Amino acid sequence: MPRLNDPHAVYDWHLYVAPNRQASLFERAAEQAGGKEPQFLTEFGSTVDTSTIVHAEDLADRHLIGWMEWTYSSTGSTNTAGTPSLVNDPHRPPTGTNVSRAQLNAVVRPYASAIAGLPTSSSYNPTTRTLKLHYRHTGSVTAPTVIMAPKLIYPHGHHVTVYGGRVVGDHNGVIAVHSTGT
């Protein structure tokens, strides 16, 4: 497929291979997007092996690619009934026994929802519950970088360390950081 050179387009792709083949597909997707189109991994997971899900998320972080994990709910209408999913019954609230705890723990992690510049690296360590985000601030951007710190990960609160900026807001797991230059 040729590059679209459309500022409103993204290169959207799915990832359903064994973990030992995932990295090569991230490289292939990067080649296809050619550095000209942003990428979005819109489907991966659909497995009870949550380490496969976490591995894909880690690769997405390494390649600075946003993602959505599949499947929210396996009702049989959009997939095969019985496919591993986050929610058992989408008509009930996603709480208690209606949620797969293993799937939830695999997909919930802190992340930047808006970055006031060009991201250069992002990584999350679930053992230490540490998100590391590096970016080059764009001087023309006055809005803050916004980082989501989910209560599932930080039930008793979180600690923020910023270099080259300052925290300008920290409420209900939403952290706003304003760059001071670097």
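What comes next concerns the included structure. For clarity, every value in this text was computed on a predicted model and none was experimentally measured.

**Observations concerning the environment of H159**
Point 1. Examined against the element boundaries, H159 turns out to sit in the loop between β7 (145–148) and β8 (165–171).
Point 2. On the basis of relative accessible area, H159 is assigned to the exposed category, the value being 70%.
Point 3. Spatially, the C-alpha atoms of H159 and A149 are 9.9 Å apart, while their sequence positions differ by 10 residues.
Point 4. A distance of 3.2 Å separates a polar atom in the side chain of H159 from a polar atom in the side chain of T161.

**Focus: the pairing of β7**
Point 1. Pairing of strand β4 (residues 111–114) with β7, which is carried by 3 bridges, proceeds in the antiparallel orientation. Looking at the pairing, A112 lines up with I147 of β7.

**Focus on the sheet that holds strand β2 (residues 39–44)**
Point 1. Strand order in this open sheet of 3 strands is β1-β2-β3, and the pairing throughout is parallel. Because the sheet does not close on itself, it has two edges, and the strands there are β1 (11–15) and β3 (66–67).
Point 2. On top of the sheet, helix α1 (residues 19–33) reaches β1 and β2; it is set at about 165° to β1, its chief contact.
Point 3. Set on the sheet, helix α2 (residues 50–62) makes contact with β1, β2 and β3; between it and β2 the angle comes to about 175°.

Rules behind the numbers
- Residues numbered from 1 in each chain as written.
- Predicted model: local features only at pLDDT ≥ 70, side-chain atom pairs only at ≥ 80, totals over all residues.
- Heavy atoms only, no water.
- Helix = DSSP H or I, 4+ residues; strand = E, 2+ residues; numbered from the N terminus.
- Buried < 20%, exposed > 50% of the residue type's maximum accessible area, 1.4 Å probe, protein only.
- Polar contact = N/O pair within 3.5 Å; in protein donor to acceptor, adjacent residues only side chain to side chain.
- Pairing = 2+ DSSP bridges.
- Contact = heavy atoms within 4.5 Å.
- Axes fitted to C-alpha atoms, helices over the stretch in contact; angles between N-to-C directions.

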